[in-house]
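# Chain and residue survey
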Amino acid sequence: MAAQRRALPCGIYAPTMTFFDPETEDLDIPTIKKHAQRLVRDGLVGIVVMGSNGEAVHCTREEKLAVTKATREALDEAGFASTPIILGATEGSVRGTIELCKLAAEQGADYALILPPSYYRAQTDEDVIFNYFTSVADASPLPLILYNYPGAVSGIDMDSDLIIRLAEHPNIVGTKFTCGNTGKLTRVALGTNAKTPSSEGSGYMAFGGICDFTAQTLQSGGSGIIAGGANVMPKVCARVWNLYAEGKRDEAEKLQKILSRGDWLLTKAAIAGTKQAIQSYFGYGGYPRRPLKRLDEARVKAIEEGTREVMEVEKSL
């Protein structure tokens, strides 16, 4: 199975939104499939399902598997059979996370994106985190990508020493730095000899977690970006990455500034705002599941105005 697994290319990945029927909140599988196809068609090199933007915490295990299966079908049907799928597979226990990884492998997932355990924060020290990840990695059929996102896990922020130590496990193949710490990303990329556009290195993937530091991630020796903004402006995200990787740094940095301005509106408005931007510009998107709120008209207009500049570039590409 490992020999047939899809590779993780350098470039831009999106943690895709999970779309729901606006009345029933049931999964909207046709829209989920259409969205995945659009993103890869517009230049993304991989898809993350059931990440934070995908409202994983609002979905059952059965729904996570259904979305994984539908996304794999959609990519294969559109001629993107080599595009990898990363599944957000965090559960509270080692046992549950391993079970989900095994089930997801059967539905077409290639890798698992895993947060550190955090519910029992007072009892969760570095040893607990290390043992959690290595125990899952020992038994998971999917290679793991560590997910460093302090805001989602009671402030747990893995340092570069721990991440590099975990990277020694053969089934731990990357880290997503949603912490935004480019210094940490630099140290981990150096310590793991991470893959870059110009070097295969060890194959370890050091992912920036926000598209507004795409150029900075490349400068730090990073491997790719997994960014929510790529759901809305995939062409611009890919263009910044490709320009910088091709050595056209002045052009990349100029476009990065436009991307960063537009992405800030989406970052502040979070899942509801990203879905609204997709609705405004592409005619689908809908709403998050409750208890997340729907946006009022003033915020809808603010998002449209704040993203207008970057979306004009998006439409020109």
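Up top you'll find the structure we're talking about.
Residues numbered from 1 in each chain as written. Predicted model: local features only at pLDDT ≥ 70, side-chain atom pairs only at ≥ 80, totals over all residues. Heavy atoms only, no water.

The subject of this paragraph is the overall build of the protein. Regarding its fold elements, the protein presents 11 helices and eight strands. Whereas a compact globule of 317 residues would reach a radius of gyration of roughly 20 Å, the protein reaches 18 Å, a difference of no more than 12%. Expressed as lengths along the three principal axes of its C-alpha atoms, the size of the protein is roughly 50 × 45 × 40 Å. The buried share of the protein, taken over its 317 residues, is 56%. At a minimum sequence separation of 6, the contacts of the protein that also span at least 24 residues come to 72%. Total accessible area on the protein stands at roughly 13500 Å², and carbon and sulfur atoms take up 49% of it. Placing the 35 positive and 38 negative side-chain charges of the protein at their respective mean positions leaves the two points 3 Å apart. (Helix = DSSP H or I, 4+ residues; strand = E, 2+ residues; numbered from the N terminus. Rg over C-alpha atoms; globule rule 2.2 N^0.38 Å. Buried < 20%, exposed > 50% of the residue type's maximum accessible area, 1.4 Å probe, protein only. Contact = heavy atoms within 4.5 Å. Areas by Shrake-Rupley, 256 points an atom, 1.4 Å probe, with all protein chains shown as cover. Lys, Arg positive; Asp, Glu negative; His and termini not counted. Charge placed at Lys NZ, Arg CZ, Asp CG, Glu CD.)

Another aspect to go through is the sheet that holds strand β2 (residues 46-49). In spatial order, the strands read β1-β2-β3-β4-β5-β6-β7-β8; together these eight strands close into a barrel with parallel pairing. Each neighbouring strand pair of the sheet contributes to a mean axis angle of 25°, computed without reference to strand direction. (Pairing = 2+ DSSP bridges. Axes fitted to C-alpha atoms, helices over the stretch in contact; angles between N-to-C directions.)

Take the side chain of serine 140 next. By the secondary structure assignment, serine 140 is in the loop between α4 (126-139) and β5 (144-148). At a separation of 2.7 Å, a polar atom in the side chain of serine 140 contacts the main-chain carbonyl oxygen of leucine 142. (Polar contact = N/O pair within 3.5 Å; in protein donor to acceptor, adjacent residues only side chain to side chain.)

Relative to each other, helix α8 (residues 234-245) and helix α9 (residues 249-282) sit at 155°, their axes nearing to 8 Å. By the angle class used here, α8 and α9 are roughly antiparallel. The two elements α8 and α9 cross, and the hand of that crossing is left-handed. Listed contacts from α9 to Val236, Cys237, Arg239, Val240, Leu243 and Tyr244 of α8 are Arg249, Glu251, Ala252, Glu253, Leu255, Gln256 and Leu259. The class makeup of the residues in the contact of α8 with α9 is eight nonpolar, one polar and four charged. (Parallel < 35°, antiparallel > 145°, perpendicular 65-115°, else oblique. Left-handed = near helix turned anticlockwise from the far one by under 90°. Nonpolar A, V, L, I, M, F, W, Y, C, P; charged D, E, K, R; others polar.)

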